[in-house]
Amino acid sequence: MRHAIVTEIWIFAIFGLGLNLLLGYTGLLSFGQATFFGSAAYVAGYLLKYYGIGIFTALGVGIGVGALSALVVGYLCVQRAGLYFIMLTFALNQLFYFIAYQWTSVTGGEDGMPGIPRPALLGIDFRQPLAYYVLVSALFLLSLWAMQRIVESPLGKILQAIRENEVRAEALGYNVPRFKLLAFVIGGAFSGFAGVLYAMLFGIVPLEAIGVVFSGNVVFATLIGGSGSLYGPIIGSVVFIWLSESVSVLWARWPLLLGVAFVIVVLFFRGGVVEAWSRIWRFSKRAS
Amino acid sequence: MALLEARELSKSFGALTAVNAVNLRIEPGTLHSIIGPNGAGKTTLFNLLTGRFAPSAGRILFDGRDITGTRAHRIAHLGLARSFQRTNVFPAFTLLDNVWVAAFACSRSWRGLLWRRTESYAGVSAQARQALNDVGLIAKQSELAREISHGEQRQLELAIALAAAPRVLLLDEPAAGLSPEETRRMVALVRALKGRYTIVLIEHKMDIIMSVSDRISVMHFGSLIAEGTPAEIQRNPEVRRAYLGGMAA
């Protein structure tokens, strides 16, 4: 595999980690994660392009914009539950999409925002695919470590308690909407972080990066990998990006494969690849 | 002074008045039972006292402070813990995690909320284990809540309420659906907690009520129709007509 594909997998996995804090741990299905991914990519991309900021400043901006946009969107969404919540995340994503679509002088509209540089740092030229791959890999591991700390912290327990039994969590003394909002903000920060890495990888912020299809893709990938575990979104990203980058060259109807994989997951392996693997593992151990 | 007090407390759902101008005073250190036929409004009264519903009229005072309209999670922090009539635990959690989140909710400091490991909160973990120990479930602390028996889930329900180290414990039919043997164990448990906590108890089983209560309030169609010691309640003709008589018939 080319470096660029693996780099893209790691970036998508960071995006998935953020979603899974909502989906897997808190039980909130957000269909609007691209809002934070795209907003961060546009803002940091703009600053990279016209103001020549450094890589780490850009990533910091991405985290900030991701968290802030998630705070606004999340504040509106956590007031509602169930289907209304999902529809709100979706509708607000559409709103952001059309702002990006219309505001051509800044975002480039349908053409995207091209010409985003990868600034050198400490004499390392990140325009080299290998150098950028190493940087993204390191940042991915850092993100994974941070997310692991979060899900093993009291916050991780509280979010899971909310997923398991919202009424009881409230009765115990937890301000449930506030905790949902916190999960949103953290998820948004991860999305924004991934968005900036994505913009620098391709040198462009395509309009799709803020679109609902992109939001759907990360939900897809996370469910296929397994939303019940920390590593599910990573496995899901490997499957999703690998299929889209390699099979799509051979066969234009590749999303059909994805559809089949999704149906299999929903029907037989609600815990995704992670659960399928652990079942096969147990089965083979019993057989031997 | 009463620790928990309801003044002319009412709650209507449309045309139905579930709780009608109830006056209730819970003295500190006592076990105060609320009895009444099904649908008398007992659970609704609990939902009002714990802030799950906002009352339509009237006031609630806790430790002399007006807490009317305060939201449920804030009331929990003041020291009011409840158990639920229908088992209401975290099914996919271990027993220890069930009580751990309860203990953490009321711990004084949430420092490290986002990054400290849960095991590193020694005080919270000790409090959680104590609660499991109090209800006799410590040996099963690593089992999942959905895999233990119904009777044990009722005990866990109680442990979750205890783990918050409350000042007032509101128990909504802790013996609901228990076998005679499990009921005996639950009664022994409630009796052991008496004196350590101020307890408000909703129960249907009269033998439990009469043997553990200091005071009893009787609800009927949303209103309190009598209050007194167990002996007074047993003699009260109105109560006999409304409730005890109804059960004999």
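Throughout this document, residue positions are counted from 1 along each chain, in the order its sequence is written. Working convention: letters from A go to chains and numbers from 1 go to ligands, in the order in which they are written. Selection of residues for local features in this predicted model requires a pLDDT of at least 70, selection of side-chain atom pairs for listing and counting requires 80 or more, and totals for whole chains, interfaces and linings are taken over all residues. No hydrogens and no water enter the side-chain calculation; it runs on all heavy atoms of the structure.

(A) Layout of the domain arrangement of chain B. Residue and element names in this part refer to chain B. Delimitation of the domains relies on an automatic or database domain assignment. When cut into domains, chain B gives domain 1 (1-79 + 166-249) and domain 2 (90-165). Each of domain 1 and domain 2 was reduced to a C-alpha centroid, and the two centroids are 25 Å apart. Note on terms: buried area is the combined drop in 1.4 Å-probe accessible area of two parts once they are placed together, counting the loss on both. A combined buried area of about 1,300 Å² lies between domain 1 and domain 2, and 63% of that area is made up of carbon and sulfur atoms. For the domain 1 face of the interface with domain 2, the top three residues by lost area are His77, Pro166 and Leu189, together amounting to 34%. Any Lys or Arg side-chain nitrogen found within 4 Å of a carboxyl oxygen on Asp or Glu counts as a salt bridge. Counting across the domain 1 and domain 2 interface gives one salt bridge.

(B) Highlighting the side chain of Thr107(A). Residues and elements named next belong to chain A. Positionally, Thr107 belongs in helix α5 (residues 104-107). Judged by relative accessible area, Thr107 falls into the buried class, the value being 4%. Residues count as neighbours in contact if any of their non-hydrogen atoms are within 4.5 Å of one another. Aside from chain neighbours lying at most four places away, what touches Thr107 is Tyr42, Ala100, Gly112 and Met113. In this text, helices come from DSSP runs of H or I with a minimum length of four residues, and strands from runs of E with a minimum of two, each type numbered from the N-terminal end. Burial status follows relative accessibility: with a 1.4 Å probe on protein chains alone, a residue under 20% of its type maximum counts as buried, one over 50% as exposed, and anything between as partly exposed.

(C) Local environment of the packing of aromatic side chains. Any pair of Phe, Tyr and Trp rings, taking the six-membered ring for Trp, is counted once the centres come within 6.5 Å. Such a pair is stacked with planes under 30 degrees apart, edge-to-face with planes over 60 apart, and tilted for the rest. Under the counting rule described, the total for this entry stands at 22 aromatic pairs over all chains. Ring centres of Phe13(B) and Phe53(B) lie 5.6 Å apart, and the angle between their planes is 80 degrees; on these two criteria the pair is classed as edge-to-face. A residue pair is termed long-range when its members are at least 10 positions apart, and Phe13(B) in strand β1 (residues 4-13) and Phe53(B) in the loop between α1 (42-49) and β4 (57-62) qualify at 40 residues. Here Phe13(B) falls in the partly exposed class, since its relative accessible area comes to 36%. Classification of Phe53(B) by relative accessible area gives partly exposed; the value is 26%. Grouped by ring-pair contacts, the aromatic residues Phe12(A), Phe15(A), Phe37(A), Tyr198(A), Phe202(A), Phe214(A) and Phe240(A) constitute a single cluster.

(D) Broad picture of the sheet that holds strand β8 (residues 198-202) of chain B. Residues and elements named next belong to chain B. Here we have six strands laid out as an open sheet, ordered β6-β7-β8-β3-β9-β10, and mixed in their pairing. Edge strands, defined here as strands with exactly one partner in the open sheet, are β6 (80-83) and β10 (223-228). Sheet twist, expressed as the average angle between the axes of neighbouring strands with direction ignored, equals 20 degrees. What makes two strands pair is DSSP finding at least two bridges between them. With four bridges joining them, strand β3 (residues 31-35) and β8 adopt parallel strand pairing. Counterpart to His32 in the pairing with β8 is Val200. For helices, the fitted axis covers only the stretch in contact; all axes are lines through C-alpha atoms, and the angles between them, taken along N-to-C directions, range from 0 to 180 degrees. Of the strands in this sheet, β3, β6, β7 (168-172), β8 and β9 (215-220) are in contact with α1, which crosses β7 at around 150 degrees.

(E) Structural detail: the interface of chain B and chain A. Residue-level contacts link 34 residues of chain B with 25 residues of chain A. Across the chain B/chain A interface, buried area totals approximately 2,600 Å², and carbon plus sulfur atoms make up 61% of it. Considering only the surface of chain B that becomes buried against chain A, Phe90(B), Leu114(B) and Arg117(B) emerge as the three largest contributors, covering 22% of it. The interface formed by chain B and chain A includes four salt bridges.

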